[in-house]
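If you want the building blocks of each chain, they are given just below.
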Amino acid sequence: SYFQPNGKGQNQIIADDFSLQIENLLIDSTSHEVSQKAFVADEVKLEISLKDSRWVLPDSSYQIDVGSFGISTPDQLMYAQDVSLQPLHLPDSSHPATSLNIRIPRIGLEGVDLEEVLTGESLEVNHLKLRQPSITLYKGLKTTTSENLELPNLYKLIAPKYEILRIDTFSIENGQLVRKD
């Protein structure tokens, strides 16, 4: 899978490997009139391989890689596998800020109303679970005594898409934290 510009100032995704399962799909005039939806299904499961996909954050300080992404409506689940957040530059004389390198084998968002997520209304999650994250902190070369870690602003990333972000429970399972000078 990969992203490419479509010439209109937007990107498009090309998915070479995906799987989709829909059960009890209804596409007819009565289902549309009753539910005001384009189609009705009891269950939708989707997994998309995103290997070799890369997103650079708006401030060009980090890139995000994701191995695969999936949703399951019966389980109210969204997940991403093989996720990494990597600085585009490690601390050196031209980039003195402290930075992070994060690798997470699996991120699970449990108890998600997928319809609200897809319509862009809200992202409300019962449980956000990070499994076996590895976080490496690279100490910057700043000479001042009070050093600020420059992280991507989560609000700025989410606010353009969702009005509401709510997470009831956040957990990290078997994490590792390393500091490198």
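Our structure is the block above this text.
All of the points below concern the structure found in this document. Since we're looking at a predicted model, the values are computed, not measured.

### Here's the deal with the environment of Gly111
Part 1: Residue placement: Gly111 occurs in the loop between strand 8 (99–110) and helix 2 (114–119).
Part 2: Sequence separation between Gly111 and Glu124 is 13 residues, and the spatial gap between their C-alpha atoms is 8.0 Å.
Part 3: Beyond its immediate sequence surroundings of up to four residues, Gly111 is in contact with Gln76, Glu124, Val125 and Asn126.

### Observations concerning the pairing of strand 7 (residues 77–87)
Part 1: Among the eleven residues in strand 7, nine count as buried, and that is most of the element.
Part 2: Sheet analysis places strand 6 (residues 62–72) next to strand 7, joined by ten bridges and oriented antiparallel. Each bridged residue has a counterpart across the sheet, and for Ile64 the counterpart in strand 7 is Leu85.
Part 3: Count of turn residues in the strand 6/strand 7 antiparallel hairpin: four residues, of which Gln76 carries a positive phi of about 50 degrees.
Part 4: In the sheet, strand 7 pairs with strand 8 via eight bridges, with the strands oriented antiparallel. For Ser84, the partnering residue across the bridge sits in strand 8 and is Arg103.

### Re the pairing of strand 6
Part 1: In terms of residue burial, strand 6 counts as a mostly covered element, since nine of its eleven residues are buried.
Part 2: Of the strand pairs in this sheet, strand 4 (residues 43–49) and strand 6 are connected by five bridges, and their pairing is antiparallel. The partner of Ser49 across the bridge, within strand 6, is Ser68.
Part 3: Bridging between strand 5 (residues 54–56) and strand 6 involves three bridges; their strand directions are antiparallel. Considered in strand 6, the bridge of Arg54 is made with Asp65.
Part 4: The antiparallel hairpin formed by strand 5 and strand 6 contains five residues in its connecting segment, where Ser60 sits at a positive phi of about 60 degrees.

### Notes on the environment of Glu121
Part 1: Here Glu121 lies in the loop between helix 2 and strand 9 (122–131).
Part 2: Between the C-alpha atom of Glu121 and that of Glu163, which follows or precedes it by 42 residues, the distance is 6.1 Å.
Part 3: Discounting residues that sit within four places of it in the chain, Glu121 has contacts with Glu116, Tyr162, Glu163 and Ile164.

### Quick notes on the packing of aromatic side chains
Part 1: Considering all chains together, one arrives at zero aromatic pairs under this definition.
Part 2: Against the face of Tyr79 rests Arg106, its NZ or CZ located 4.4 Å from the ring centre.

### Observations concerning the side chain of Ser122
Part 1: Inspection of the secondary structure puts Ser122 in strand 9.
Part 2: Of the polar contacts made by the side chain of Ser122, one reaches the side chain of Glu124; its length is 3.2 Å.
Part 3: With near-sequence residues (within four places) excluded, Ser122 lies in contact with Glu116, Val117, Tyr162 and Ile164.

### Notes on a nonpolar patch on the surface
Part 1: Taken together, the side chains of Leu165, Ile167, Phe170 and Ile172 make up a nonpolar region of the molecular surface, amounting to roughly 360 Å² of accessible area.
Part 2: Mapped onto the elements of the fold, Ile172 is located in strand 11 (residues 164–173).
Part 3: For Ile172, a relative accessible area of 46% gives the class partly exposed.

### Examining the pattern of salt bridges
Part 1: Going through the model one piece at a time under the given rule, you end up with five salt bridges.
Part 2: The residue Glu110 makes a salt bridge to Lys129 at a minimum N-O spacing of 3.4 Å. With a gap of 19 residues between them, Glu110 in strand 8 and Lys129 in strand 9 connect regions that are remote in the sequence.
Part 3: The class of Lys129 is buried, set by a relative accessible area of 13%.
Part 4: Note that Arg131 and Glu173 form a salt bridge whose closest N and O atoms lie 3.7 Å from each other. With a gap of 42 residues between them, Arg131 in strand 9 and Glu173 in strand 11 connect regions that are remote in the sequence.
Part 5: Looking at Glu173, the relative accessible area reads 30%, which means it is partly exposed.

Basis of the calculations
Residues numbered from 1 in each chain as written. Predicted model: local features only at pLDDT ≥ 70, side-chain atom pairs only at ≥ 80, totals over all residues. Heavy atoms only, no water. Helix = DSSP H or I, 4+ residues; strand = E, 2+ residues; numbered from the N terminus. Contact = heavy atoms within 4.5 Å. Buried < 20%, exposed > 50% of the residue type's maximum accessible area, 1.4 Å probe, protein only. Pairing = 2+ DSSP bridges. Phe/Tyr/Trp six-rings, centres within 6.5 Å; stacked < 30°, edge-to-face > 60°. Lys NZ or Arg CZ within 6 Å of the ring centre and 35° of its normal. Polar contact = N/O pair within 3.5 Å; in protein donor to acceptor, adjacent residues only side chain to side chain. Patch = residues over 30% accessible without salt bridge, like charges linked within 9 Å, V, L, I, M, F, W, Y side chains within 5 Å. Areas by Shrake-Rupley, 256 points an atom, 1.4 Å probe, with all protein chains shown as cover. Salt bridge = Lys/Arg side-chain N within 4 Å of Asp/Glu carboxyl O.

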